[in-house]
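Coordinates in review
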Amino acid sequence: MKKSLLLASLLSLFLVGCSSTPIVDVSKPAGPSASASNDEKDLDLASLRDPNNILSKRSIYFDYDKDVVKAEYKDLLAAHSQYVASHPKAKMTLTGNTDDRGSREYNVSLGQKRSVSVKKSMNVLGAQDAQIETVSFGEERADTNCKDDACYAKDRRVDISYEKE
């Protein structure tokens, strides 16, 4: 009986000695508000939201049945490319859209070609490939009540959105 009691005591002491306590890294602020404020500071989200800043413009429009980025969007693409190049933590999604003319499959393909075209332009201007995701919605977000080209033209676009925004 003494031996089993002694053995149980030694075993419990051994197990208590092996327990660990979590290590807290005090160099990093804890909590969601601290990380959100760090992200905001690191990413300079205020410049993305400022209506007077070119970065607040988020759509690139295309001609009918085309995926070539127009020259008029050079400054917009340069600004967004420079932003992500200077903010390595920034990640964006380029969403390709089409009007509702054509088959669903064709429009998904065209929307993807448009978003990839914008991505390639931004890569040339300094944005890293890993910072940009491309997606196509095709005609899913198109205005189905369009009757003229001015209306259809609003659907032929790539929209830029940022991950932390």
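Structure report, in brief. All values derive from a computational prediction rather than experimental measurement.

Details of the overall build of the chain
Within the chain one finds six helices and four strands. Within the chain, the fraction of its 165 residues that count as buried is 33%. Total accessible area on the chain stands at roughly 10,700 Å², and carbon and sulfur atoms take up 57% of it.

Details of the packing of aromatic side chains
Inspection of the entire model under this criterion finds one aromatic pair. Taken together, a centroid distance of 5.3 Å and an interplanar angle of 80° make the contact between Tyr83 and Tyr162 edge-to-face. Here Tyr83 is found in helix H4 (residues 74-86), whereas its partner Tyr162 is found in strand S4 (residues 157-162), with 79 residues between them in sequence. Across this residue pair, the class does not change: Tyr83 and Tyr162 are buried.

Let's talk about helix H5 (residues 104-124)
Under the 1.5 Å per step criterion, the end-to-end length of H5 is 31 Å for 21 residues, consistent within 8% with the ideal 30 Å. Looking only at H5, the buried set comprises Asn107, Leu110, Gly111, Arg114, Ser115, Ser117, Val118, Lys119 and Met122. Summarising the contacts, the buried residues of H5 are in contact with strand S1 (59-61), H4, strand S2 (92-97), strand S3 (132-138) and S4. A positive phi of about 115° marks Gly126, the residue just after H5.

Quick notes on the environment of Asp155
The topology assignment puts Asp155 in helix H6 (residues 149-155). Look at Asp155 and you get buried, because its relative accessible area is 5%. With residues up to four places along the chain from it excluded, the contact list for Asp155 reads Asn97, Thr98, Asp99, Arg141, Ala142, Asp143 and Cys146.

Considering the side chain of Arg58
Secondary-structure assignment places Arg58 in the loop between helix H3 (45-49) and S1. At 3.2 Å, the side chain of Arg58 and the backbone oxygen of Leu48 are in polar contact. At 2.7 Å, the side chain of Arg58 and the backbone oxygen of Leu55 are in polar contact. Those residues in contact with Arg58, other than ones at most four positions away along the chain, are Leu48, His80, Val158, Asp159, Ile160, Ser161, Tyr162 and Glu165.

Describing the environment of Ile160
Here Ile160 is to be found in strand S4. We classify Ile160 as buried; its relative accessible area is 4%.

A few points about the pattern of salt bridges
Counted by the stated rule, this structure contains nine salt bridges. Taken together, the shared-partner salt bridges in this structure form one network comprising Asp99, Arg101, Asp149 and Arg156.

Re the packing of H4 against H5
Here H4 crosses H5 at 65°, and the two axes come no closer than 9 Å. Helix-helix and strand crossings are classified by hand; for H4 and H5 the assignment is right-handed. Together, Leu77, His80 and Ser81 of H4 and Val118, Ser121 and Met122 of H5 make up the contact between the two elements. Class assignment for the residues of the contact of H4 with H5 results in three nonpolar, three polar and no charged.

Structural notes on the state of the cysteines
Any covalent bond linking the sulfur atoms of two cysteines counts as a disulfide. Here the structure, examined in full by the defined rule, presents one disulfide. The disulfide bridge from Cys146 ends at Cys151, spanning 2.0 Å between sulfur atoms. Taking the torsion about the sulfur-sulfur bond, which here is approximately -65°, the covalent link between Cys146 and Cys151 counts as left-handed. The pair formed by Cys146 and Cys151 is uniform in burial state, with each residue classed as buried.

Analysis parameters
- Residues numbered from 1 in each chain as written.
- Predicted model: local features only at pLDDT ≥ 70, side-chain atom pairs only at ≥ 80, totals over all residues.
- Heavy atoms only, no water.
- Helix = DSSP H or I, 4+ residues; strand = E, 2+ residues; numbered from the N terminus.
- Buried < 20%, exposed > 50% of the residue type's maximum accessible area, 1.4 Å probe, protein only.
- Areas by Shrake-Rupley, 256 points an atom, 1.4 Å probe, with all protein chains shown as cover.
- Phe/Tyr/Trp six-rings, centres within 6.5 Å; stacked < 30°, edge-to-face > 60°.
- Expected span 1.5 Å × (residues − 1).
- Contact = heavy atoms within 4.5 Å.
- Polar contact = N/O pair within 3.5 Å; in protein donor to acceptor, adjacent residues only side chain to side chain.
- Salt bridge = Lys/Arg side-chain N within 4 Å of Asp/Glu carboxyl O.
- Axes fitted to C-alpha atoms, helices over the stretch in contact; angles between N-to-C directions.
- Left-handed = near helix turned anticlockwise from the far one by under 90°.
- Nonpolar A, V, L, I, M, F, W, Y, C, P; charged D, E, K, R; others polar.
- Disulfide = S-S within 2.5 Å.

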